[in-house]
Each structure stands twice: as structure tokens, then as C-alpha cells.
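Single-letter residue listing:
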Amino acid sequence: MHFDALIVGAGFAGLYQLHCLRDRLGLTVRVLEAGGDLGGTWYWNRYPGARCDSESHVYRYFFSRELSAEWQSSERYPGASEIRAYLDYVARKLDLRRDIQFGTRVVAASYAEGANRWTIETDSGARMSATWLVTAVGCLSAANVPDIPGLHDFQGKWYHTGQWPRDGVDFSGKRVGQIGTGSTGIQSAPVIAQTAAHLTVFQRTANYSVPARNAPLTAEFNRWVRESFDELREATRSTINGHAFRIAERNVADVSPEEREEIYRAAWAKGGLQFRATFRDVMTNRAANQTMAEFVKARIRDVVSNPEAAADLADIDHPYAAKRPPIDTDYFETFNRPNVSLVNLRKDPIERITADGIRTKTAEHKLDLIVFATGFDALTGPLLRMNIRGRSGRLLREDWKAGPRTYLGLQMPGYPNLFTITGPGSPSVLTNMPVAIEQHVEWITDCIAHMREHGIRTIEASEEATRTWGEHVQECARATLLWDAKHSWYFGANVPGKPQVFMPYSGGLARYRRTCEGVAARDYEGFVLDREGASEFSGAAATALPGV
Ligand code: NA7
């Protein structure tokens, strides 16, 4: 079957891209989704405590006032099931499901130059083709299960948080081991500890965390959200990270130590990611960052009553927020429970997994169940797993051997008419994702509309623009303290053998948006357009985006 466009993935990105291409441009479109339902990241991440770190009033689409007005969030941060319900609501309103094929994993995609077509192959052996291929596969969707010796010997059950069973997992009466203390592990440990007989947390790198201060939302707040649609939309589009809060203008050195402490305490009491926004220079000035880091470490020592556990939890080796900064509900408090213990893998590394637990250098930990909160093969993993082949059979996996090469995180040279929503080299994971997604989807939609209008057969990133953009992405990261945490997944350091390149664009979403707009306005500067051929789509003429 041939379509104008194929979209891979039915999360926030795939759903909106389907709406834009089908309902705005009138293209024939099919979405292919590996999961059994909508949700993308939130379809797979159903682990205990799974919740978004962005607040409900901004973790949503802003392309339609009506769509936003009719949705009521129940808590300050949306839980995984509420996000799935929201996406289901969107899909119903826009009648999206009829063009989505669930339970279908794309295992190969290749471009045929003569026909100017992408052909994809699914895990059931089906083939489909399209003029445009859009990947909406998410940045954190390829689960990373570490290759720890002995896993196959383990007689209990084990799960990765990013591939959590739909029916849930019963921890009651079980001895549970959790490996990993990133954003996920910090969310799951307090919830697992509530029902498990015992929870052992295996920590490799100690991590900062700020209280989320999650709470139910009042009717008054939801009314404010409805009435503030324009302001919220504008704020998310003009801030560096797509959230609605602004980063303070002051530097740490502008205030006295007493005032600084007061500012940190107030932000701590308020909770959430905006803790980092209290000063302008915490991500660029080591001394400034250290004041914030020390404040969080002091709070860890205040909360955790066992001095040895407190010291291990506060022994953090990177600047605050140089790795993804988690927010939590009672994470450090969890270590005061009698049924929770901490193993510091830096002092006592895992030797192997055995039939009945985990053996570290100094101890045997008997376990019925292991939870891998060990993260993802981020950003590049989901794309490389699709076996994408471009012009003359070139393989993306080969082209990216030394790290991802993209222009604006939107396209790669040698892969015409392939667009990657929130691909490596775009702001993506450094932002409130739906805002970054909307910007990409709208840019791609406008680009395809432009191609149709002007009879452009192909669009493809140029080699030179890709090289220049790649250097710029590295330069931007080097100008921040993100560059100091070389062991973060932003560099690909969590996956053995992965090239170490800073992957997301850290120059800010608002600036990035202006760059993309400027590129389009200058006749897609940095892209190679083939204006020779007639366009090959079968859809009707472009129409305005209808109201919902
Ligand atoms: P992260 O942030 O990659 O965290 C994974 C955690 O697992 C982290 O503590 C890792 O330690 C640990 N890990 C990974 N491999 C191992 C091995 N082999 N042994 C011990 N510990 C290991 O993933 P999350 O799922 O928490 O969060 C991902 C994103 O999802 C998050 O940033 C939000 O954007 C949403 P390390 O730090 O590498 O030493």
C-alpha cells in the first residue's frame, strides 16, 4: 500500500503529525505504532509512580484552545494513566484512531531513489510505501537493560521500567531489588517500598532530587488554566525550555548568602523543576552551581536519618542539573523506612546476578524480583533500531557510527523526505516535550505544504549545514555545565559502546524556534531541494487547520 506519508509512533508527536498532515494538508497518512494503544512513552512507562515532571497545565498541546479548554487535569503533575487518558481524549476529538495501526513495529525503512519512495517493513513482514516518512518514535523509548552477568540464571521475575506490564506487578510480600536512581528510580522506589516486604536500592551514581510537591488541582486552578490559554501558550513558546516559568534575571553573586538561602528554601518549599530557575547562572558558573548543589546535599542529610545512607545519597559527583534533574515524592524519606536499604555500587559493585538475587563484592542480596530502572538508549536508539537506509542503500547506523549527524535534529544528509521529530540535535529532552514536538510538527507540516505548492520532489539536509549544526550543538553544550557530566545519557555514556557526543541542542527552545523559522523563510537554507520533479502526493489541496 502506498501513502503520501507514513508516521512511526503514536505518542504526542505522532498524533499531532497525523492531524496536521491528514486534516490540514489532506494527505493520505498511516501511523504505525509498536504498542497496543496510544501513548508512546506513556504507553510503555507504567511503572509504580510513573508521572511527568512537567506540570499539567503545560504538559499538553497548545495548538487548539478548545482541546485544552475541555480537558481537566486532576493533579499538579500528570500521572502516566492520566496522560494516556488525555491522548485518548485528543484522539477521539480529532478522530485519529482510524489511521493508526497498533501492534506494528517498523523493522526496516529504505529509500528508493528512482521512485522517490520510502518503503517500510513491519515485524509481521508487511510492506508499505510513502513519499514522506516521519519518525515520531520518542527520545526515551529504547529500553536499556544492562548486560549484568547471570541475569538468565535469576529464578525470580525481572522488569524494565520502560517495558512495564499492562496488568502491573504485585510487590506485596516480595523482596525487591531496584537498580538505578535516575528520574525513574527516584519515582518508583517510594511506591514500591509501600507494599514490598523489602526494597534494596542499588545506586551507582548518587543523584540530586527536589521535592515535586504534587497535589490535587482545584477547580479554581483549572479555571485559571482555561482562562490563561494565550498567556500559557506564549510563555511556553518564549522560554528556554518550553515551561511556563521564567529563569530569574539575577546571578548567585548578586545576593548575600542569607538571601540566597532564603531563595533556595522558598523554591524548595514550592517544589518542581523551577528550583533550577532561581538564578540565571547556575548552568554556566561552577561556583554558582555549587551553592545550589550544596543546598540540595544538605537537605538530603537533613532528611535521611541513617548517617551512612545519608552520606552515600549525598555523595554526588556532578554539578546540579548537569545530568537530568529529577523531582520526587518522598524519595529520600523512603530510606528512613525499616524495609528499605541502600547499596552503594561505587563501594560495593555488583559481581553477578544469581538464581536468587544479586551478589555484590561484599554481600548476597536475596531477591524475588528485580526492577531495572536503568534508563534508555536515548535519542539515537529508537532511530537506529529501525534499520533506516537512505540513498544508495547507505545505512544510518553506519553514518552515525561516530555519533548522530543531523541538521536541526530534523533531517540527515542522504535521507531525503525523512523527518525526525525531536531528533538528536534538537532541544528535545532539555525541554517540556509537547512544546518542542508541536514546533517540529508544525515546521515539518509547513515544509511539506511548501514542497507540494512548489512541486519540490525531495528535501534533504546538506552535508555542510549538518556539519556546521553539529559543531554548534557541541559548542552550546560546552558553554554550559552540561559538559561537565560526561557520564550522562545526554552524551550516550549509559550505553556501553555508544559514541560519546552531546546529543540534544542546549541553546534553548525559543532561540531554536527562531532558527528554524529563519531557515524556512530563507527558502530552506541548508537543505537541498529537488525542484525538478512534479510532486507525487495524491492528497487534496492544502486547507487551513480546522478548529477542533
Ligand atoms: P536514567 O536517568 O538513565 O537513569 C538510569 C539509572 O540506572 C542511573 O541511576 C544509572 O546509573 C543506573 N544504571 C544504568 N545502568 C546501570 C548498571 N549497569 N548498573 C547499575 N546502575 C545502572 O534513566 P531514567 O529512566 O531514570 O530516566 C530517563 C528519563 O526519563 C529522565 O531523565 C526523564 O527525562 C524521563 P548512572 O547514573 O549511569 O551511574
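For the structure itself, consult the block above.
Residues numbered from 1 in each chain as written. Predicted model: local features only at pLDDT ≥ 70, side-chain atom pairs only at ≥ 80, totals over all residues. Heavy atoms only, no water.

### Thoughts on the pairing of strand β16 (residues 369-372)
Along β16, one buried face is formed by L369 and V371 and the opposite face, lined by I370 and F372, is buried too. With 4 bridges connecting them, strand β7 (residues 157-160) and β16 associate as parallel partners. Of the residues in β16, the one forming a bridge with H160 is F372. Direction of pairing for strand β8 (residues 175-179) relative to β16: parallel, over a ladder of 4 bridges. In the strand pairing of β16, Q178 is matched with V371. (Buried < 20%, exposed > 50% of the residue type's maximum accessible area, 1.4 Å probe, protein only. Helix = DSSP H or I, 4+ residues; strand = E, 2+ residues; numbered from the N terminus. Pairing = 2+ DSSP bridges.)

### Some remarks on helix α8 (residues 257-270)
Across its 14 residues, α8 extends 20 Å between first and last C-alpha, which sits within 8% of the 20 Å expected from 1.5 Å per residue. Burial in α8 covers these residues: I263, Y264, A267 and W268. Axial view of α8: buried residues confined to an arc of 135°, hence all on one face. Opposite the buried face of α8, by more than 90 degrees, sit the exposed residues E258, E262, A269 and K270. Where α8 terminates, the next one or two residues include G271, which has phi positive at roughly 80°. (Expected span 1.5 Å × (residues − 1). Arc of directions from axis to C-beta.)

### Let's talk about the packing of helix α14 (residues 433-453) against helix α16 (residues 509-521)
Orientation of α14 relative to α16, taken along the N-to-C sense of each, is 0°, at an axis distance of 11 Å. Relative to α16, α14 is oriented roughly parallel. Two secondary-structure elements touch here, α14 through V435, A436, Q439, H440 and W443 and α16 through L509, Y512, R513, C516, E517, V519 and A520. Its residues assigned to classes, the contact of α14 with α16 shows 8 nonpolar, 2 polar and 2 charged. (Axes fitted to C-alpha atoms, helices over the stretch in contact; angles between N-to-C directions. Parallel < 35°, antiparallel > 145°, perpendicular 65-115°, else oblique. Contact = heavy atoms within 4.5 Å. Nonpolar A, V, L, I, M, F, W, Y, C, P; charged D, E, K, R; others polar.)

### Describing the sheet that holds strand β13 (residues 350-354)
Sheet architecture is open: 3 strands sit in the order β13-β14-β15, paired in antiparallel fashion. Each edge of the sheet is formed by a strand with only one pairing partner; in this case those strands are β13 and β15 (364-366). Going from strand to strand, the sheet's axes swing by 20° on average, the running direction of each strand aside. Where strand β14 (residues 357-360) and β15 come together, 3 bridges link them in antiparallel fashion. Residue pairing across strands places R359 opposite E364, the latter belonging to β15.

### A word on the side chain of T422
Among the structural elements, T422 can be located in the loop between β18 (418-420) and α14. For T422, a relative accessible area of 5% translates into the label buried. Those residues in contact with T422, other than ones at most four positions away along the chain, are C139, L379, S428, M433, A436, I437 and H440.

### What to know about the packing of aromatic side chains
Across all of its chains, the model carries 39 aromatic pairs by this definition. Ring centres of F12 and Y59 lie 5.1 Å apart, and the angle between their planes is 70°; on these two criteria the pair is classed as edge-to-face. One end of the pair, F12, is in helix α1 (residues 12-24); the other, Y59, is in the loop between α2 (41-44) and α3 (65-69), and 47 residues separate them in sequence. Across this residue pair, the class does not change: F12 and Y59 are buried. Every member of this aromatic cluster is reached through a ring pair, and the members are F12, Y16, W42, Y59, Y61, F63, W71, Y86 and Y89. Its guanidinium or amino end placed over the ring of F295, R299 lies 4.5 Å from that ring's centre, counting from NZ or CZ. (Phe/Tyr/Trp six-rings, centres within 6.5 Å; stacked < 30°, edge-to-face > 60°. Lys NZ or Arg CZ within 6 Å of the ring centre and 35° of its normal.)

### Some thoughts on the pairing of β13
In this sheet, β14 lies alongside β13 in antiparallel orientation, the contact comprising 4 bridges. Paired with T354 across the bridge in β14 is G357. Counting the residues that bridge the hairpin from β13 to β14 gives 2 residues.

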